[in-house]
Amino acid sequence: MPRKPVVLVCRKIPDDVEARLKRDYEPRLNPSDRVYSGDELVKLADGAEIVFASHSEILSAEVIGRLPASVKGIVNFSVGYDHVDVKAAKARGLIVTNTPGVLNDATAEIAMLLMLGAARRAAEGERMMRNGEWKEWSLAFMVGSQVTGKTLGIIGMGRVGRIFARRARGFDMKIHYFNRTRLAPEQELGAVYHARVEDLLPHAQFLSIHCPATPETRGLMNGARLALLPKGAIVVNTARGAIVDDEALIAALKSGHVAAAGLDVFNNEPRFNPGYSALWNTFLLPHIGSATRETRNAMGFKALDNMDAIVAGRAPPDRVA
Ligand code: DGY
(Lines give C-alpha, C1' and ligand atoms only; values in the text may rest on other atoms or scores of the structure.)
Protein backbone atom coordinates (compact mmCIF):
# COMPACT_ATOMS: atom_id res chain seq x y z
CA MET A 1 0.00 0.00 0.00
CA PRO A 2 1.44 3.45 -0.89
CA ARG A 3 2.46 5.62 2.05
CA LYS A 4 -0.12 8.22 3.03
CA PRO A 5 0.97 11.89 2.73
CA VAL A 6 2.24 13.35 5.99
CA VAL A 7 0.38 16.41 7.36
CA LEU A 8 1.62 18.62 10.17
CA VAL A 9 -1.55 19.50 12.10
CA CYS A 10 -0.74 22.64 14.05
CA ARG A 11 -3.76 22.72 16.40
CA LYS A 12 -6.33 20.29 17.76
CA ILE A 13 -9.09 19.87 15.18
CA PRO A 14 -12.73 18.65 15.56
CA ASP A 15 -13.14 14.87 15.97
CA ASP A 16 -15.03 14.32 12.69
CA VAL A 17 -12.43 16.27 10.75
CA GLU A 18 -9.64 14.36 12.46
CA ALA A 19 -11.30 11.05 11.55
CA ARG A 20 -11.35 11.93 7.83
CA LEU A 21 -7.81 13.26 8.03
CA LYS A 22 -6.61 10.01 9.59
CA ARG A 23 -8.39 7.97 6.91
CA ASP A 24 -6.51 9.68 4.06
CA TYR A 25 -3.30 11.04 5.58
CA GLU A 26 -0.63 10.39 8.14
CA PRO A 27 -1.27 13.27 10.51
CA ARG A 28 1.28 14.63 12.96
CA LEU A 29 -1.20 15.74 15.58
CA ASN A 30 -0.82 18.32 18.33
CA PRO A 31 -2.78 16.75 21.23
CA SER A 32 -1.58 19.42 23.69
CA ASP A 33 -3.06 22.09 21.36
CA ARG A 34 -0.39 24.63 22.26
CA VAL A 35 0.75 27.17 19.67
CA TYR A 36 3.99 26.14 17.97
CA SER A 37 6.83 28.61 17.68
CA GLY A 38 8.35 29.20 14.26
CA ASP A 39 11.30 26.98 15.15
CA GLU A 40 9.05 24.12 16.27
CA LEU A 41 6.93 24.42 13.19
CA VAL A 42 9.94 24.21 10.89
CA LYS A 43 11.28 21.18 12.77
CA LEU A 44 7.96 19.33 12.96
CA ALA A 45 7.22 19.93 9.27
CA ASP A 46 10.21 17.81 8.25
CA GLY A 47 8.89 15.26 5.73
CA ALA A 48 5.36 16.72 5.73
CA GLU A 49 3.67 17.67 2.46
CA ILE A 50 1.11 19.92 4.10
CA VAL A 51 1.18 22.37 7.00
CA PHE A 52 -2.41 22.45 8.35
CA ALA A 53 -2.45 25.80 10.11
CA SER A 54 -4.92 28.15 11.75
CA HIS A 55 -4.68 31.86 12.41
CA SER A 56 -2.63 31.27 15.58
CA GLU A 57 0.42 30.10 13.59
CA ILE A 58 2.55 32.98 12.38
CA LEU A 59 3.91 31.91 9.01
CA SER A 60 6.21 34.85 8.41
CA ALA A 61 8.57 35.14 5.45
CA GLU A 62 11.36 33.99 7.76
CA VAL A 63 9.50 30.83 8.87
CA ILE A 64 8.31 30.06 5.33
CA GLY A 65 11.87 30.46 4.08
CA ARG A 66 12.98 27.70 6.49
CA LEU A 67 10.16 25.20 5.84
CA PRO A 68 11.49 21.87 4.59
CA ALA A 69 11.45 21.17 0.84
CA SER A 70 8.86 18.40 1.41
CA VAL A 71 6.14 21.03 2.09
CA LYS A 72 3.86 21.69 -0.91
CA GLY A 73 1.16 23.72 0.70
CA ILE A 74 -0.18 25.64 3.69
CA VAL A 75 -3.81 24.66 4.22
CA ASN A 76 -5.50 27.10 6.57
CA PHE A 77 -8.30 26.19 8.94
CA SER A 78 -9.48 29.81 8.68
CA VAL A 79 -10.91 32.24 6.21
CA GLY A 80 -8.42 34.95 7.22
CA TYR A 81 -4.87 34.37 6.07
CA ASP A 82 -3.16 37.51 7.31
CA HIS A 83 -0.99 35.23 9.50
CA VAL A 84 0.68 33.90 6.34
CA ASP A 85 3.19 35.90 4.33
CA VAL A 86 1.55 35.12 1.02
CA LYS A 87 4.30 36.81 -1.00
CA ALA A 88 6.95 34.61 0.61
CA ALA A 89 4.78 31.51 0.08
CA LYS A 90 4.35 32.35 -3.60
CA ALA A 91 8.08 32.96 -3.96
CA ARG A 92 8.70 29.47 -2.51
CA GLY A 93 6.10 27.95 -4.85
CA LEU A 94 3.87 26.96 -1.92
CA ILE A 95 0.12 26.75 -2.41
CA VAL A 96 -1.94 28.53 0.28
CA THR A 97 -5.67 27.95 0.83
CA ASN A 98 -8.39 29.25 3.17
CA THR A 99 -12.01 28.37 4.08
CA PRO A 100 -14.36 31.04 2.72
CA GLY A 101 -18.15 30.84 2.70
CA VAL A 102 -18.78 28.58 5.67
CA LEU A 103 -18.27 31.06 8.54
CA ASN A 104 -20.76 33.69 7.43
CA ASP A 105 -23.71 32.85 9.66
CA ALA A 106 -21.65 32.11 12.76
CA THR A 107 -19.64 35.34 12.43
CA ALA A 108 -22.74 37.43 11.71
CA GLU A 109 -24.33 35.96 14.87
CA ILE A 110 -21.38 37.12 16.96
CA ALA A 111 -21.46 40.56 15.32
CA MET A 112 -25.14 40.81 16.28
CA LEU A 113 -24.40 39.69 19.84
CA LEU A 114 -21.66 42.32 20.10
CA MET A 115 -23.81 45.06 18.61
CA LEU A 116 -26.69 44.37 20.99
CA GLY A 117 -24.38 43.74 23.94
CA ALA A 118 -22.44 46.97 23.42
CA ALA A 119 -25.59 49.03 22.83
CA ARG A 120 -27.47 47.63 25.83
CA ARG A 121 -24.52 47.59 28.25
CA ALA A 122 -24.41 43.81 28.61
CA ALA A 123 -20.93 43.66 30.14
CA GLU A 124 -21.86 46.06 32.96
CA GLY A 125 -25.14 44.26 33.59
CA GLU A 126 -23.48 40.84 33.69
CA ARG A 127 -20.84 42.08 36.09
CA MET A 128 -23.46 43.55 38.44
CA MET A 129 -25.52 40.36 38.51
CA ARG A 130 -22.52 38.12 39.20
CA ASN A 131 -20.87 40.39 41.77
CA GLY A 132 -23.98 41.24 43.77
CA GLU A 133 -23.66 44.90 42.72
CA TRP A 134 -27.33 45.35 41.73
CA LYS A 135 -28.76 47.40 44.57
CA GLU A 136 -31.79 49.15 43.12
CA TRP A 137 -33.78 49.82 39.97
CA SER A 138 -34.58 53.27 38.64
CA LEU A 139 -35.70 54.90 35.42
CA ALA A 140 -32.15 56.14 34.87
CA PHE A 141 -30.59 52.76 35.56
CA MET A 142 -28.50 51.08 32.81
CA VAL A 143 -29.95 53.17 30.00
CA GLY A 144 -28.30 52.29 26.70
CA SER A 145 -28.72 52.98 23.00
CA GLN A 146 -31.61 51.49 21.04
CA VAL A 147 -30.56 49.50 17.99
CA THR A 148 -33.92 49.33 16.19
CA GLY A 149 -34.26 51.77 13.30
CA LYS A 150 -30.73 53.16 13.54
CA THR A 151 -28.23 53.49 10.69
CA LEU A 152 -25.65 50.74 10.43
CA GLY A 153 -22.44 51.37 8.52
CA ILE A 154 -20.67 48.27 7.25
CA ILE A 155 -17.05 48.28 6.15
CA GLY A 156 -16.57 45.30 3.83
CA MET A 157 -19.72 44.02 2.16
CA GLY A 158 -18.42 40.52 1.42
CA ARG A 159 -20.19 37.35 2.49
CA VAL A 160 -20.22 38.10 6.24
CA GLY A 161 -21.05 41.79 5.77
CA ARG A 162 -24.03 40.94 3.57
CA ILE A 163 -25.44 38.36 6.01
CA PHE A 164 -24.96 40.79 8.89
CA ALA A 165 -26.85 43.45 6.88
CA ARG A 166 -29.66 40.93 6.34
CA ARG A 167 -29.89 40.18 10.06
CA ALA A 168 -29.74 43.91 10.91
CA ARG A 169 -32.67 44.61 8.57
CA GLY A 170 -34.64 42.47 11.03
CA PHE A 171 -34.09 45.34 13.47
CA ASP A 172 -35.29 47.84 10.85
CA MET A 173 -31.76 49.23 10.55
CA LYS A 174 -30.87 51.38 7.55
CA ILE A 175 -27.76 49.98 5.88
CA HIS A 176 -24.91 52.08 4.48
CA TYR A 177 -21.70 50.44 3.31
CA PHE A 178 -18.20 50.88 2.02
CA ASN A 179 -16.68 48.23 -0.20
CA ARG A 180 -13.93 48.31 -2.79
CA THR A 181 -16.55 47.67 -5.45
CA ARG A 182 -20.23 48.51 -5.43
CA LEU A 183 -22.56 45.52 -5.15
CA ALA A 184 -25.16 44.65 -7.78
CA PRO A 185 -28.67 45.89 -6.84
CA GLU A 186 -29.89 42.36 -5.99
CA GLN A 187 -27.08 42.08 -3.41
CA GLU A 188 -27.28 45.69 -2.24
CA LEU A 189 -31.00 45.37 -1.39
CA GLY A 190 -31.36 49.12 -0.98
CA ALA A 191 -28.18 49.64 1.07
CA VAL A 192 -26.51 53.00 0.42
CA TYR A 193 -23.05 52.70 -1.14
CA HIS A 194 -20.15 55.00 -0.26
CA ALA A 195 -17.08 54.86 -2.48
CA ARG A 196 -14.87 56.22 0.35
CA VAL A 197 -14.86 54.99 3.93
CA GLU A 198 -14.66 58.66 5.03
CA ASP A 199 -18.03 59.29 3.37
CA LEU A 200 -19.65 56.32 5.12
CA LEU A 201 -18.51 57.12 8.66
CA PRO A 202 -20.60 60.26 9.38
CA HIS A 203 -23.75 58.16 8.75
CA ALA A 204 -22.78 55.22 10.96
CA GLN A 205 -24.61 55.35 14.30
CA PHE A 206 -23.41 51.75 14.46
CA LEU A 207 -20.28 50.65 12.59
CA SER A 208 -19.46 47.02 11.94
CA ILE A 209 -16.13 45.96 10.41
CA HIS A 210 -16.14 42.98 8.03
CA CYS A 211 -13.15 43.51 5.73
CA PRO A 212 -9.98 41.39 5.76
CA ALA A 213 -6.73 42.66 7.29
CA THR A 214 -4.52 43.65 4.36
CA PRO A 215 -1.77 46.25 4.01
CA GLU A 216 -4.52 48.67 2.85
CA THR A 217 -6.86 48.10 5.83
CA ARG A 218 -4.33 47.85 8.68
CA GLY A 219 -4.99 50.73 11.09
CA LEU A 220 -7.90 51.90 8.90
CA MET A 221 -9.98 52.92 11.93
CA ASN A 222 -7.49 55.45 13.29
CA GLY A 223 -8.17 58.57 15.34
CA ALA A 224 -8.99 60.74 12.32
CA ARG A 225 -11.54 58.28 10.94
CA LEU A 226 -13.09 57.53 14.35
CA ALA A 227 -13.61 61.29 14.70
CA LEU A 228 -15.81 61.19 11.59
CA LEU A 229 -18.35 58.93 13.32
CA PRO A 230 -21.40 60.66 14.83
CA LYS A 231 -21.00 61.33 18.56
CA GLY A 232 -22.19 58.31 20.53
CA ALA A 233 -21.56 55.80 17.73
CA ILE A 234 -21.05 52.15 18.56
CA VAL A 235 -18.22 50.18 16.95
CA VAL A 236 -18.26 46.42 16.34
CA ASN A 237 -15.31 44.38 15.06
CA THR A 238 -15.47 40.70 14.16
CA ALA A 239 -12.90 40.88 11.34
CA ARG A 240 -9.34 41.43 12.57
CA GLY A 241 -7.90 43.57 15.35
CA ALA A 242 -5.29 45.00 13.00
CA ILE A 243 -7.94 47.12 11.26
CA VAL A 244 -8.39 49.23 14.41
CA ASP A 245 -5.88 51.54 16.07
CA ASP A 246 -6.37 50.42 19.70
CA GLU A 247 -5.10 53.58 21.36
CA ALA A 248 -7.37 55.74 19.18
CA LEU A 249 -10.45 53.61 19.90
CA ILE A 250 -9.71 53.52 23.64
CA ALA A 251 -9.35 57.33 23.64
CA ALA A 252 -12.67 57.67 21.78
CA LEU A 253 -14.37 55.29 24.25
CA LYS A 254 -13.00 57.30 27.18
CA SER A 255 -14.12 60.64 25.75
CA GLY A 256 -17.58 59.23 24.92
CA HIS A 257 -17.24 60.11 21.24
CA VAL A 258 -17.64 56.37 20.72
CA ALA A 259 -20.31 55.31 23.24
CA ALA A 260 -19.40 51.62 23.25
CA ALA A 261 -17.52 48.94 21.36
CA GLY A 262 -18.21 45.25 20.85
CA LEU A 263 -15.01 43.43 19.95
CA ASP A 264 -14.24 39.80 19.15
CA VAL A 265 -10.83 40.37 17.54
CA PHE A 266 -7.75 42.20 18.77
CA ASN A 267 -4.22 43.19 17.94
CA ASN A 268 -1.71 40.74 19.48
CA GLU A 269 -4.28 38.12 20.44
CA PRO A 270 -4.56 36.71 23.03
CA ARG A 271 -2.58 39.47 24.79
CA PHE A 272 -4.95 42.26 23.80
CA ASN A 273 -4.67 45.88 24.89
CA PRO A 274 -5.68 46.02 28.61
CA GLY A 275 -7.16 49.46 27.99
CA TYR A 276 -10.24 47.69 26.63
CA SER A 277 -10.88 45.53 29.68
CA ALA A 278 -10.39 48.53 31.98
CA LEU A 279 -13.47 50.14 30.40
CA TRP A 280 -17.05 49.08 31.00
CA ASN A 281 -18.40 50.50 27.75
CA THR A 282 -16.78 47.58 25.95
CA PHE A 283 -18.30 44.16 25.35
CA LEU A 284 -15.44 41.76 24.70
CA LEU A 285 -15.26 38.20 23.38
CA PRO A 286 -12.17 36.01 22.80
CA HIS A 287 -12.23 35.60 18.97
CA ILE A 288 -15.15 33.16 18.80
CA GLY A 289 -16.83 34.39 15.61
CA SER A 290 -16.60 30.99 13.90
CA ALA A 291 -16.76 28.90 17.07
CA THR A 292 -19.86 26.77 16.53
CA ARG A 293 -19.74 22.99 16.11
CA GLU A 294 -21.37 23.24 12.69
CA THR A 295 -19.05 25.92 11.38
CA ARG A 296 -15.84 24.43 12.73
CA ASN A 297 -16.72 21.09 11.07
CA ALA A 298 -17.56 22.84 7.79
CA MET A 299 -14.27 24.76 7.92
CA GLY A 300 -12.33 21.56 8.60
CA PHE A 301 -13.96 19.63 5.75
CA LYS A 302 -13.41 22.54 3.37
CA ALA A 303 -9.77 22.62 4.38
CA LEU A 304 -9.52 18.86 3.71
CA ASP A 305 -11.02 19.34 0.24
CA ASN A 306 -8.25 21.84 -0.44
CA MET A 307 -5.65 19.45 0.96
CA ASP A 308 -6.90 16.58 -1.20
CA ALA A 309 -6.57 18.73 -4.31
CA ILE A 310 -3.04 19.93 -3.51
CA VAL A 311 -1.81 16.41 -2.81
CA ALA A 312 -3.45 15.08 -5.99
CA GLY A 313 -1.91 17.87 -8.07
CA ARG A 314 -5.32 19.45 -8.81
CA ALA A 315 -6.25 23.12 -8.38
CA PRO A 316 -7.60 23.56 -4.82
CA PRO A 317 -11.02 25.25 -4.67
CA ASP A 318 -9.93 27.96 -2.24
CA ARG A 319 -6.44 28.91 -3.35
CA VAL A 320 -5.24 32.32 -2.16
CA ALA A 321 -1.60 31.90 -3.27
C1 DGY B 1 -11.02 32.90 10.52
O2 DGY B 1 -11.39 31.85 9.98
O3 DGY B 1 -10.31 33.72 9.94
C4 DGY B 1 -11.47 33.12 11.91
O5 DGY B 1 -11.07 34.37 12.37
C6 DGY B 1 -10.95 32.04 12.84
O7 DGY B 1 -9.61 31.87 12.65
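Above: the structure in question.
Only a predicted model underlies this, so the values are computations on that prediction, with no experimental measurement involved.

About the criteria used
- Residues numbered from 1 in each chain as written.
- Predicted model: local features only at pLDDT ≥ 70, side-chain atom pairs only at ≥ 80, totals over all residues.
- Heavy atoms only, no water.
- Near = heavy atom within 4 Å.
- Polar contact = N/O pair within 3.5 Å; in protein donor to acceptor, adjacent residues only side chain to side chain.
- Areas by Shrake-Rupley, 256 points an atom, 1.4 Å probe, with all protein chains shown as cover.
- Nonpolar A, V, L, I, M, F, W, Y, C, P; charged D, E, K, R; others polar.
- Salt bridge = Lys/Arg side-chain N within 4 Å of Asp/Glu carboxyl O.
- Helix = DSSP H or I, 4+ residues; strand = E, 2+ residues; numbered from the N terminus.
- Buried < 20%, exposed > 50% of the residue type's maximum accessible area, 1.4 Å probe, protein only.
- Pairing = 2+ DSSP bridges.
- Axes fitted to C-alpha atoms, helices over the stretch in contact; angles between N-to-C directions.

### Overview of the site of the ligand
Logical step 1: The immediate surroundings of the ligand are formed by His55, Ser78, Val79, Gly80, Leu103, Arg240, His287, Ser290 and Met299.
Logical step 2: A distance of 2.7 Å is found between an oxygen atom of the ligand and a backbone nitrogen or oxygen belonging to Val79.
Logical step 3: With respect to the ligand, the backbone of Gly80 contributes an N or O atom lying 2.9 Å from an oxygen atom.
Logical step 4: Contact with the protein chains hides 91% of the accessible area of the ligand, taken as 230 Å² for the molecule alone.
Logical step 5: The residue inventory of the shell around the ligand, partitioned by class, reads 3 nonpolar, 5 polar and 1 charged.

### Re the pattern of salt bridges
Logical step 1: In the structure shown here, the tally under the stated rule is 19 salt bridges.
Logical step 2: Of the charged contacts in the structure, one is a salt bridge between Asp308 and Arg20, with a shortest N-O distance of 3.1 Å. Note that Asp308 is positioned in helix H13 (residues 293-312) and Arg20 in helix H1 (residues 15-24), a separation of 288 residues in sequence.
Logical step 3: Given a relative accessible area of 19%, Arg20 falls into the buried group.
Logical step 4: Linking Lys72 and Glu49 is a salt bridge whose minimum nitrogen-to-oxygen distance equals 2.9 Å. Of this pair, Lys72 sits in the loop between helix H3 (61-66) and strand E4 (73-76) while Glu49 sits in the loop between helix H2 (38-44) and strand E3 (50-53), placing them 23 residues apart in sequence.
Logical step 5: Looking at Lys72, the relative accessible area reads 37%, which means it is partly exposed.
Logical step 6: When salt bridges with common partners are traced through the structure, they connect Lys12, Glu18 and Lys22 into a single cluster.

### Considerations on the sheet that holds E4
Logical step 1: Read across the open sheet, the 5 strands follow the order E2-E1-E3-E4-E5; overall the sheet is parallel. Strands with a single pairing partner mark the edges of an open sheet, and in this sheet they are strand E2 (26-28) and strand E5 (95-97). Within the sheet, the average angular offset between the axes of one strand and its neighbour, ignoring direction, is 20 degrees.
Logical step 2: Alignment of E4 against E5, held across 3 bridges, turns out to be parallel. Across the sheet, Gly73 pairs through a bridge with Ile95, a residue of E5.

### Quick notes on the sheet that holds strand E8 (residues 192-194)
Logical step 1: Within the open sheet, the 7 strands sit side by side as E8-E7-E6-E9-E10-E11-E12. Their pairing is parallel. A single partner strand is all that each edge strand has here, and the edge strands are E8 and strand E12 (282-284). Along the sheet, successive strands turn relative to each other by an average axial angle of 15 degrees, direction set aside.
Logical step 2: Summarising the sheet, strand E10 (residues 233-237) and strand E11 (residues 258-263) pair through 5 bridges and their orientation is parallel. Its bridge partner being in E11, Val236 is matched across the sheet by Gly262.

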